[in-house]
Amino acid sequence: MITSSQNPKIKLVRALSGRSKERREAGAFVVEGVRLVEEAVISNWGFQFALYDDSLSERGKSLI
């Protein structure tokens, strides 16, 4: 459970979301939403991690 906005994963997501330079350097990007995560799974994209909260749908939970 992440409880701090200073968590390294939260910082990484913010950096990737806001700066194309960060995305290029990391070779990574942020995907938001169950449908886009499904597309990424179908396309065999590798995941570093997934962030979600308690309101995640059953469909989303099945992907995790």
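Coordinates for the structure precede this section.
Each chain has its residues counted from 1, following the order in which its sequence is written. Local features in a predicted model are, by the rule used here, given only for residues with pLDDT of at least 70; side-chain atom pairs are given and counted only at 80 or more, and totals for whole chains, interfaces and linings are based on all residues. Computation of side-chain values: all heavy atoms of the structure, hydrogens and water removed.

A few points about the overall build of the protein
No. 1: Every helix listed is a DSSP run of H or I at least four residues long, and every strand listed is a run of E at least two residues long, numbered separately from the N terminus. Helix and strand counts for the protein come out as four helices and zero strands.
No. 2: Each helix and strand of the protein, ordered N terminal to C terminal, gives the series α-α-α-α.
No. 3: Throughout, exposure labels follow a simple rule: accessible area from a 1.4 Å probe, protein chains only, divided by the maximum for the residue type, with under 20% read as buried, over 50% as exposed, and the rest as partly exposed. Residues classed as buried in the protein amount to 9% of the 64 residues present.
No. 4: We get accessible surface area from the Shrake-Rupley algorithm with a probe of 1.4 Å; when it comes to residues, only the shown protein chains can shield them. For the protein, the accessible area works out to roughly 5400 Å², and carbon and sulfur atoms hold 50% of it.
No. 5: Distance between charge centres in the protein, computed from 10 positive and 8 negative side chains, equals 8 Å. The positive count covers Lys and Arg only, the negative count covers Asp and Glu only, and His and the chain ends enter neither. To locate a charge, the coordinates of NZ of Lys, CZ of Arg, CG of Asp or CD of Glu are taken.

Regarding the layout of surface pockets
No. 1: As defined here, a cavity is a set of points on a 1 Å grid over the protein atoms alone where a 1.4 Å probe fits but cannot get out. A pocket is an open set with protein on both sides within 12 Å along at least five of seven lines, and residues line them when an atom is within 4 Å of a point. Grid points are joined across faces, edges and corners, and a volume is the space filled by probe spheres set on the points. Counted as a void, the largest pocket has a volume near 770 Å³.
No. 2: Mapped onto the lining of the largest pocket, the elements with two or more residues apiece are helix 1 (8–18), helix 3 (34–42) and helix 4 (58–63).
No. 3: For the lining of the largest pocket, a count of residues per class yields 20 nonpolar, seven polar and two charged. Polar here means any residue outside two lists: the nonpolar Ala, Val, Leu, Ile, Met, Phe, Trp, Tyr, Cys and Pro, and the charged Asp, Glu, Lys and Arg; Gly therefore counts as polar.

Examining the pattern of salt bridges
No. 1: Salt bridges, as used here, are contacts in which a Lys or Arg side-chain nitrogen is within 4 Å of a carboxyl oxygen on Asp or Glu. A complete count under the given rule lists five salt bridges for this structure.
No. 2: Here glutamate 39 and arginine 35 are joined by a salt bridge, their closest N and O atoms 3.9 Å apart. Here glutamate 39 pairs with arginine 35, and both are found in helix 3, just four residues apart, close to one helical turn.

A look at unusual backbone geometry
No. 1: In this structure, asparagine 44 takes a positive phi of about 60° despite not being glycine.
No. 2: With respect to the element layout, asparagine 44 can be found in the loop between helix 3 and helix 4.
No. 3: Note on asparagine 44: relative accessible area 69%, which makes it exposed.

In short, shape yes, function no, at least from these values alone.
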